[in-house]
Amino acid sequence: AVVSTQSTGGMDLNVASVSGDNLIGTGFQGPKDIKYNTMNCYLGAEPIARALDQGADIVVTGRCVDSALVLGPLIHKFGWSMDDFDKLAQGSLAGHLVECGAQCTGGNFTDWHKVPDFSNIGFPIVEVGADSTFKVTKPPKTGGLVNFGTVTEQMLYEIGDPRCYALPDVICDFTDVQVSEVGENEVEVRGARGIAPSPLYKVSATTVDGYKATTMAPMIGPRAAVKGQLNASSTIERCRKRFLANGMGDFGRVNIECLGSESNYGKDPQTSGVKEVVVWTSVEHKKKEALQEWAKEIAGAGTGMAPGFTTLVGGIPKPAPIIRYVPFMYPKSDVSITINGEKFEGTADVSAEPPVFDVPDQVQPTPRPEGSHSYRLEELAYTRSGDKGDTANLGVICRDPSLYSAIDERISAEDVRRYFSYLGPDLKVTKYALPGSSSFNFLMENALGGGGIASIRSDPQGKAIGQIFTDFIVEGVKHKSEYGL
């Protein structure tokens, strides 16, 4: 398609293809005895760099890590060795920072109210030197913002242990990365470190596991959240009785949220005084026809249940397959990568043992007294959250380095677990420190109800977790002016 398009446009560019990521059809059946719909390795930057070395102007690749789209051209341009791991880590960080576009230039930013002109937001540009130090900026005459906060938020986005951000070409350590404002909308980034990569590729596989359906319905009037909860749960109960009578089995999971009553904060709708909500009801079942029956029953709430139900947003819901994400590791030595059909032999050692990192000590010291003031976290720090499957990450970035010890001593993994305990009894939180950027990353396992398209929550990817945590109260600190704020 690329060749055809560029020929039609009168261009004469060399197009290369990188293949080998797809494990379906290779004879490998997967680690579990289930039917997989997709099974793709995350390839790295080296095949892209090799294709560019061979004269390609455009490289079309299968599944690869996002950052490889930046690291590959950097390896090619500067001739970096595949064992110069610090440079590979810096190049990977450059790719990580721009992979989500405007999330690095003010999109999804804690201080959204300080970002100019969202209607014309500029996408990020990384200017990388041969020594791997780089600057982040954006095009002139565009909206958006590039500063310490926007860039550091994105650095923490969707990472796990910052000491071992594992990629196919390098394992990155971001703990001592320094992010410095060097001009208007210009930030310099240095300090990423790297070690040899694992001999294993991460594989993203998917499987179909039943069906789900979701509906949203406005509910208006006094005690709106109570009425909305009642109508949704009554419809579920009516269907359960019918399923039982017909031998169809129960719902797999049911999730009812009254959006507008702070349901994503874990609040009980019975205590809400709001007069209008949107009732989010999402259900799953092994049988598609069961959800079709449930969908037929929803409209009955308009005439046969509590008043204030106005409409079904988007009409009668339609069941869709539940696509579950199944990640696992797979030996690189068993993956056959080709460039334009020719076998590619990488230079990395695929026989080494995967590195093991101990979990940091989670024992929280007693906070040292600093002052008598208390603040919402947003006044002292930026936050950013994201997801990987059923795991969310919550980044907390001090607005000034002088706050690092105070925040460190006053927000523990257990504090985060308690704050979000309503996400489920299996929630597990691990805290990691990044002193170079005066920040912390909290890894929240079993936080998203399955995560992604398998979740039936209104925030399936944990995008709101960072915003919710801005209300955490930090106690016993100095007046914020003493921290330079």
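Here the structure is shown first, and the text comes after it.
Let us look at the structure shown here. (Residues numbered from 1 in each chain as written. Predicted model: local features only at pLDDT ≥ 70, side-chain atom pairs only at ≥ 80, totals over all residues. Heavy atoms only, no water.)

## A short note on the overall build of the protein chain
Argument step 1. Helix and strand counts for the protein chain stand at 11 helices and 22 strands.
Argument step 2. Here the C-alpha radius of gyration of the protein chain, 25 Å, is about what a compact globule of 485 residues would show, namely 23 Å.
Argument step 3. Based on the C-alpha atoms only, the size of the protein chain along its principal axes is roughly 70 × 65 × 50 Å.
Argument step 4. Counting across all 485 residues of the protein chain, residues that qualify as buried make up 48%.
Argument step 5. Contacts in the protein chain between residues far apart in sequence, at least 24 positions, make up 72% of those at least 6 positions apart.
Argument step 6. For the protein chain, the accessible area works out to roughly 22200 Å², and carbon and sulfur atoms hold 51% of it.
Argument step 7. Between the averaged position of the 46 positive side-chain charges in the protein chain and that of its 59 negative side-chain charges there is a distance of 8 Å. (Helix = DSSP H or I, 4+ residues; strand = E, 2+ residues; numbered from the N terminus. Rg over C-alpha atoms; globule rule 2.2 N^0.38 Å. Buried < 20%, exposed > 50% of the residue type's maximum accessible area, 1.4 Å probe, protein only. Contact = heavy atoms within 4.5 Å. Areas by Shrake-Rupley, 256 points an atom, 1.4 Å probe, with all protein chains shown as cover. Lys, Arg positive; Asp, Glu negative; His and termini not counted. Charge placed at Lys NZ, Arg CZ, Asp CG, Glu CD.)

## Digging into unusual backbone geometry
Argument step 1. For Asn108, which is not a glycine, the phi torsion comes out positive at approximately 60°.
Argument step 2. Within the fold, Asn108 resides in the loop between helix 4 (85-98) and strand 4 (125-128).
Argument step 3. Assessed through its relative accessible area of 39%, Asn108 is described here as partly exposed.
Argument step 4. In this structure, Glu262 takes a positive phi of about 65° despite not being glycine.
Argument step 5. Structurally, Glu262 can be placed in the loop between strand 12 (253-259) and strand 13 (276-285).

## A closer look at the pairing of strand 8 (residues 178-183)
On a regular strand, one side chain projects to one face of the sheet and the next to the other, so that they alternate.
Argument step 1. Sheet analysis places strand 8 next to strand 9 (residues 186-190), joined by 5 bridges and oriented antiparallel. From the neighbouring strand, Glu181 faces strand 9, where its bridge partner is Val187.
Argument step 2. Connecting the antiparallel pair strand 8 and strand 9 is a turn made up of 2 residues, with Asn185 showing a positive phi of about 55°. (Pairing = 2+ DSSP bridges.)

## What about the environment of Ser481?
Argument step 1. Mapped onto the fold, Ser481 is located in the segment after strand 22 (473-477).
Argument step 2. With 28 residues separating them along the chain, Ser481 and Ile453 place their C-alpha atoms 44 Å apart.
Argument step 3. For Ser481, the side chain forms a polar contact with the side chain of His479, separated by 2.9 Å. (Polar contact = N/O pair within 3.5 Å; in protein donor to acceptor, adjacent residues only side chain to side chain.)

## Some details on the pattern of salt bridges
Argument step 1. All chains considered together, the criterion is met by 28 salt bridges.
Argument step 2. Where Glu293 meets Arg242, a salt bridge forms, and the shortest distance between an N and an O atom there is 3.0 Å. A residue pair is termed long-range when its members are at least 10 positions apart, and Glu293 in helix 7 (residues 288-298) and Arg242 in helix 6 (residues 224-246) qualify at 51 residues.
Argument step 3. On the accessibility criterion, Arg242 (33% relative accessible area) is partly exposed. (Salt bridge = Lys/Arg side-chain N within 4 Å of Asp/Glu carboxyl O.)

## Thoughts on the side chain of Ser67
Argument step 1. Relative to the helices and strands, Ser67 resides in the loop between strand 3 (58-61) and helix 3 (68-78).
Argument step 2. Ser67 gets classed as buried once you look at its relative accessible area, which sits at 3%.
Argument step 3. Excluding residues that lie within four positions of it along the chain, Ser67 makes contacts with Ser92, Gly95, His96, Glu99 and Leu167.

## Here we look at the packing of aromatic side chains
Argument step 1. Taken as a whole, this structure holds 14 aromatic pairs when the rule is applied.
Argument step 2. Between Phe28 and Phe328 the ring centres are 5.9 Å apart and the planes differ by 50°, which places this aromatic pair in the tilted class. Of this pair, Phe28 sits in the loop between strand 1 (15-19) and strand 2 (38-41) while Phe328 sits in strand 14 (residues 320-331), and the two are 300 residues apart along the sequence.
Argument step 3. A connected cluster of aromatic rings, assembled from ring pairs, spans Tyr419, Phe420, Tyr422, Phe469 and Phe472.
Argument step 4. Lying across the ring of Tyr201, Lys332 places its NZ or CZ 5.4 Å from the centre.
Argument step 5. Directly above the aromatic system of Tyr382 lies the positively charged group of Arg399, at a separation of 4.3 Å from the ring centroid. (Phe/Tyr/Trp six-rings, centres within 6.5 Å; stacked < 30°, edge-to-face > 60°. Lys NZ or Arg CZ within 6 Å of the ring centre and 35° of its normal.)

## As for helix 3
Argument step 1. Looking only at helix 3, the buried set comprises Ala68, Val70, Leu71, Gly72, Leu74 and Ile75.
Argument step 2. Where the residues of helix 3 are buried, they touch helix 2 (46-53), helix 4 and strand 4.
Argument step 3. Looking one or two places after helix 3, you find Gly79, whose phi comes out positive at around 65°.

## Quick word on the sheet that holds strand 4
Argument step 1. The strand order across the open sheet formed by 4 strands is 4-5-9-8, and the pairing between neighbours is antiparallel. The outermost strands of the open sheet, each flanked by one partner alone, are strand 4 and strand 8. Strand-to-strand, the axes of this sheet are offset by a mean angle of 25°, without reference to chain direction.
Argument step 2. Pairing of strand 5 (residues 134-137) with strand 9 involves 3 bridges; the strand directions are antiparallel. Pairing of Lys135 across the sheet is with Glu188, part of strand 9.
Argument step 3. Contacting strand 4, strand 5 and strand 9, helix 4 crosses the sheet at an angle of about 5° to strand 5. (Axes fitted to C-alpha atoms, helices over the stretch in contact; angles between N-to-C directions.)

## A word on the packing of helix 2 against helix 3
Two numbers describe a pair of packed helices, the interaxial angle and the distance between the axes.
Argument step 1. Their axes nearest at 8 Å, the elements helix 2 and helix 3 cross at an angle of 45°. Classified by the angle their axes make, helix 2 and helix 3 are oblique. Both helix 2 and helix 3 take part in a crossing whose hand is right-handed. Taking contact as the criterion, the partners of Ile48, Ala49, Leu52 and Asp53 in helix 2 are, on helix 3, Ala68, Leu69, Gly72, Pro73, Ile75 and His76.
Argument step 2. The residue inventory of the contact of helix 2 with helix 3, partitioned by class, reads 7 nonpolar, 2 polar and 1 charged. (Parallel < 35°, antiparallel > 145°, perpendicular 65-115°, else oblique. Left-handed = near helix turned anticlockwise from the far one by under 90°. Nonpolar A, V, L, I, M, F, W, Y, C, P; charged D, E, K, R; others polar.)

All quantities given are derived from atomic positions and should not be read as evidence of function.
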